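Structural characterization, general
These are the residues of each chain, in order.
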Amino acid sequence: MLATWGCTTFSKPTLDLQFVGATSLDNRITFSRGSQATLFDSAGTLVYAANNTIRNNTMVGAVAGTPGTDPTNWTNSVPVGITQQLVGTGTENGITYIDYRFSGTATGAIVIRPDSEAQVIASSGQAWTGTSYAKLISGSLTNVGCRLNMRQGLAAGTLVSQTNVVFTPTTAALNTQRFINSVASMDPTTERIMVRVVLDTTGAIDITLRIGMPQLEIGPAATAVNATSGTAYYGPRFDYTPSTLAAQGLLIEEQRTNSIRNNTMQGAAAGTPGTAPTNWAISGLGTLTQTVVGTGTANGINYIDVRFSGTTSTTQLVIRFDSTGAIAAANGQSWAISAWLAVVGGSTANTNNYTLANNLFDSGNVYIGEGPSITLASPPTSTFTRYSGAGTISNASTASIRPYFYFLFASGVAIDITLRIGLPQLEQGAFATSVIPTTTTALTRNADVASMTGTNFSGWFNATEGTVVAIGQMLSVSSAASRSIFDATDGSTNNRTSGRLLVSGGGDQATIRSGASTQFQTSSANSTTTAVKNLAIAYKASDFAITSNGSAPATQASGSVPTGVNQMQIGSAVGGSEFLCGYIRRIAYYPVRLPNSTLQALTA
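Now for a quick tour of the structure. (Residues numbered from 1 in each chain as written. Predicted model: local features only at pLDDT ≥ 70, side-chain atom pairs only at ≥ 80, totals over all residues. Heavy atoms only, no water.)

1. Description of the pairing of strand 25 (residues 352-361)
Looking along a regular strand, one sees side chains alternate from face to face of the sheet. Across the 10 residues of strand 25, 8 count as buried, placing the element largely inside the fold. In this structure, strand 25 lies alongside strand 29 (residues 400-408), joined through 8 bridges in antiparallel fashion. Paired with Asn 358 across the strands is Pro 403, a residue of strand 29. In this structure, strand 25 lies alongside strand 27 (residues 374-375), joined through 2 bridges in antiparallel fashion. (Buried < 20%, exposed > 50% of the residue type's maximum accessible area, 1.4 Å probe, protein only. Helix = DSSP H or I, 4+ residues; strand = E, 2+ residues; numbered from the N terminus. Pairing = 2+ DSSP bridges.)

And the structure:
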C-alpha cells in the first residue's frame, strides 16, 4: 500500500498510534502503572485515571461445583441452611460473569465479596464508587432482597460505616443491568473500603444469580468497566489542557511522591480564625484577622479559602503545608514545590513577594536555612493557576524540609485579601509533575509504563530498514537528562533504535546501536524546549537520518542496523529509564527508509 506526500509516493505506515483525543490504547500496547494517578478530562476537571481496585473481576480460578471454587481472591459467606452451587462462568455481551445458585431455607445474609476486605487502603475524604452487573437467571426474588453494599472499616473485618443500594435484577440482558453505589466522602476514621453483593434471605429460596465484572474505583461516579485478572487496574492517562480543553495525548511520567501528607484540606474548619487543615500552620498574623472562609473544589482541585484583613503589625504572612521534621531530605537532593493559587476576595494592595518556598532543618529540627523556592513574577490573580518551582538543597546539615507559602507587606498598612490555595505538592525531583492528592500520608504515583512486545511488535516491524515518525512534548526542561519518546530494542541497550528529546546539549537525538556498539547518535538542528516536537528517524545499513520539525536531516552513510530487536518502549527507555515526563501524541512506523525530503515534509 502506498501513500502520497506532495509528489512523493511511499509505503503507508504499518503502525500508526494516535493518542490525541483517544479514550483507550491500541490493544497491542501493554500498559501498567500500579497506582492511582490524576489527569484533566475533556471538561477541564481534575479526575483520577480509569481504575478498578478489585484484582479479579474476570472470574479467574472459578471452578463449578457444589459449593464449587470461588474466583481467586473472592470469598463468599452463606448462612446455615443455604447451599451454594457455582454453576459456571462465561461472557454475555462482552461482560464476564459467574453464575451462583443459592437454595434452602434461612434468615440471614449471603455475602459475595469480589476481593479481600484487606485489599484496598483508602483515605478519609476520598470518594469511591462500587458497581456490579447482575441478572436473574432462574428462580424468584421471594424471600430475597438484593443490595450493593459499600463497607468502610479501620481494618479488614472492622466495620466503621456502610451504605447500601437496593437493586432488583431481572432476566433482561446483563449489560443493561449495572448497579451503582457511591460514597461521596470516606468516613474520617476509615482506612479500608470494599464493595459487596449481599442477598438478604427471610425464608425458603431457590435463586440463580449472574454476577458480572464488579468494580471498585476511586472517584464520585462510575466509569466504564475495566477487566482485571490478578492485579488491580490503573489505566493510561489521556490528558487535556484545563484552560483550553485541548487534547494533549498520552501522559507518561516517572515515579514521584507527594511528601505533603494532606493537600486536600482535611481537618479544616470555617470560622474566625477557623481551623487550618491538619498538619498545616499559619503564622505572622500579628494584628491581622484570619478567617477560614471554607473549603471546596474547583474543576476537581481541592482548595481552602483564607481571608487576612486589618492593619499589619508584622511584615510576613506564612502558610506552612506540613510539620517540622515530617519530610526527610538531604543535601544535594532536588525538590519541586507547586500549588494552585488565586485571589478570590479583596485585593493584593499593599502586599508583594508571593513565594512558594521550603525551610531546611537539621536532625534536631533546628532551622538551618532556606531550600528550593519560587517567587511569583506577579501576584496571583482571580484565575486559579498552578505555580511551581524547583531547586537543589545545598546545606550539608539538612535532615528535613518543610514547604510553605508566604507574602510580604510593610508594618502599619491596611490589607484585605482572600487567598485560595489548592493541592500543594512537594516532590523530590527537578520539576513538578501531575498532582498527587493526599489526605493523611505521603503518597506515591508509580511510573507510567507502555510497551509493545512479541507479535504485537514483530507484526509491523522491519529489521533491515524503516522510519519512525513520533510526536512528543516534554512538560519541563529543568533537569539535565534524556527523555525518550520511543525505544525499540532487543531488551537491552546493545541493539536499539531510539528517539529522544535532550534536556542538556540541545537537539532531538537518534541513537542506533548494534552489537553493543553505537552506530549512529546524532541530534537534529532543533534545540529542546517544551514545545511539541515532531521527530523522524530513518535507518538502513549505512544510511541513517534524523530530522525534527521540518529541519534539514542530519545523516550518516555508514554503520550497521540493530539485530534481534523485539520490543518497543513508549515514552521511556528499556530498563525503566529516561521517562518522557510529557505527552506522546503520535507514533507512526513505515517499513522502509523514507527519502530525506519525505522525512522533512512529514515533520514540518
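There's plenty left to go through after this.
2. Side note on the sheet that holds strand 35 (residues 496-502)
The strand order 4-32-41-34-35-36-37 describes an open sheet built from 7 strands, whose pairing is antiparallel. Two strands in the sheet have a free side with no partner beyond their single neighbour: strand 4 (30-32) and strand 37 (517-523). Going across the sheet, the axis of each strand differs from the next one's by a mean of 20°, ignoring polarity. Sheet analysis places strand 36 (residues 508-514) next to strand 37, joined by 6 bridges and oriented antiparallel. Its bridge partner lying in strand 37, Gln 509 is registered against Ser 523. (Axes fitted to C-alpha atoms, helices over the stretch in contact; angles between N-to-C directions.)

3. Description of the environment of Asn 143
Looking at the secondary structure, you find Asn 143 in the loop between strand 11 (128-139) and strand 12 (144-153). Taking the relative accessible area as the measure of exposure, Asn 143 reaches 29% and is therefore partly exposed. For the pair formed by Asn 143 and Asp 200, sequence separation is 57 residues and the distance between their alpha carbons is 7.9 Å. Filtering out sequence-adjacent residues up to four positions away, Asn 143 remains in contact with Asp 200, Thr 201, Thr 202, Gly 203, Ala 204 and Ile 205. (Contact = heavy atoms within 4.5 Å.)

4. Details of the pairing of strand 29
Of all 9 residues that make up strand 29, 8 are buried, and the element is covered over most of its length. In this sheet, strand 29 lies alongside strand 23 (residues 316-320) in antiparallel orientation, the contact comprising 5 bridges. Among the inter-strand pairings, Leu 317 is bridged to a residue of strand 29, identified as Phe 407.

5. Some words on the sheet that holds strand 24 (residues 334-346)
Read across the sheet, 5 strands follow the order 21-22-30-24-28 without closing on themselves; strand pairing throughout is antiparallel. Unpaired on one side and paired on the other, strand 21 (289-298) and strand 28 (385-392) mark the two borders of the sheet. Here the strands of the sheet are splayed against their neighbours by 30° on average, with no regard to which way each runs. Two elements, strand 24 and strand 30 (residues 414-428), share 10 bridges in a ladder whose sense is antiparallel. Residue pairing in the sheet places Trp 335 in a bridge with Gln 428 of strand 30.

6. Regarding the environment of Ser 103
With respect to the helices and strands, Ser 103 occurs in strand 10 (residues 95-113). With 18 residues separating them in the primary sequence, Ser 103 and Gln 85 have C-alpha atoms 8.5 Å apart. Beyond its immediate chain neighbours, meaning those up to four positions away, Ser 103 contacts Gly 81, Ile 82, Thr 83, Ile 205 and Asp 206.

7. Observations regarding the packing of aromatic side chains
To describe a pair of aromatic rings, you give the distance between the ring centres and the angle between the ring planes. With the rule as written, the count across this model stands at 18 aromatic pairs. When the ring of Tyr 303 is compared with that of Phe 384, the centres are 6.3 Å apart and the planes differ by 90°; the resulting orientation is edge-to-face. In this pair, Tyr 303 is assigned in strand 22 (residues 301-311) and Phe 384 in the loop between strand 27 and strand 28, connecting sequence segments 81 residues apart. We note Arg 256 situated over the ring of Phe 431; from NZ or CZ to the ring centre the distance is 4.7 Å. Between the NZ or CZ atom of Arg 420 and the centre of the ring of Tyr 303, over which it lies, the distance is 3.7 Å. (Phe/Tyr/Trp six-rings, centres within 6.5 Å; stacked < 30°, edge-to-face > 60°. Lys NZ or Arg CZ within 6 Å of the ring centre and 35° of its normal.)

8. Let's talk about the pattern of salt bridges
Counting across every chain of the model gives 24 salt bridges. Two residues, Arg 147 and Asp 200, come together in a salt bridge whose shortest N-O distance is 2.6 Å. In this pair, Arg 147 sits in strand 12 while Asp 200 sits in strand 15 (residues 192-218), placing the two residues 53 residues apart along the sequence. The shortest N-O distance in the salt bridge between Asp 448 and Arg 237 comes to 2.7 Å. Pair noted here: Asp 448 is in the loop between strand 31 (443-445) and strand 32 (449-453) and Arg 237 is in the loop between strand 16 (233-234) and strand 17 (238-240), with a separation of 211 residues, a long-range link. Since its relative accessible area comes to 0%, Asp 448 is described here as buried. Among the ionic contacts, a cluster of salt bridges with common partners joins Arg 33, Arg 237, Glu 253, Arg 445 and Asp 448. (Salt bridge = Lys/Arg side-chain N within 4 Å of Asp/Glu carboxyl O.)

9. Regarding the side chain of Ser 514
With respect to the helices, strands and loops of the structure, Ser 514 is situated in strand 36. The exposure class assigned to Ser 514 is buried, which follows from its relative accessible area of 13%. Within polar-contact distance, the side chain of Ser 514 engages the backbone oxygen of Val 561 at 3.0 Å. Aside from chain neighbours lying at most four places away, what touches Ser 514 is Asn 494, Asn 495, Gln 519, Ser 560, Val 561, Pro 562 and Thr 563. (Polar contact = N/O pair within 3.5 Å; in protein donor to acceptor, adjacent residues only side chain to side chain.)

10. Considerations on the side chain of Thr 228
Along the polypeptide, Thr 228 turns up in the loop between strand 15 and strand 16. Of the polar contacts made by the side chain of Thr 228, one reaches the backbone oxygen of Ile 54; its length is 2.8 Å. Contact partners of Thr 228, with chain neighbours within four places excluded, come to Asn 52, Ile 54, Arg 55, Asn 56, Asn 57, Thr 58 and Tyr 233.

11. A word on unusual backbone geometry
Trans peptide bonds make up the majority, and among non-glycine residues the majority have a negative phi. In this structure, Pro 67 follows Thr 66 across a cis peptide bond, with omega equal to 5°. With respect to the helices and strands, the residue Pro 67 is situated in the loop between strand 7 (51-52) and strand 8 (75-77). The linkage connecting Thr 272 with the following residue, Pro 273, adopts the cis geometry, with an omega of 10°. Residue placement: Pro 273 occurs in the loop between strand 19 (256-258) and strand 20 (281-283). Unusually for a residue other than glycine, Asn 299 sits at a positive phi of about 55°.

12. Some points on the nonpolar core
Core analysis: the biggest nonpolar cluster contains 44 residues, and Met 568, Ile 570, Ile 584 and Ile 587 have the highest contact counts within it. Beyond its immediate stretch of four places on either side in the chain, Met 568 contacts Leu 15, Ala 450, Ser 451, Met 452, Phe 457, Trp 460, Phe 486, Asp 487, Ala 488 and Ile 587. (Core = buried A, V, L, I, M, F, W, Y, C linked by side-chain atoms within 4.5 Å.)

13. Thoughts on the environment of Val 144
By secondary structure assignment, the location of Val 144 is in strand 12. In this structure the C-alpha to C-alpha distance between Val 144 and Thr 202, which are 58 residues apart in sequence, comes to 6.6 Å. Setting aside its immediate chain neighbours within four residues, Val 144 contacts Leu 199, Asp 200, Ile 205 and Ile 207.

By themselves, these observations are geometric and do not establish any function.
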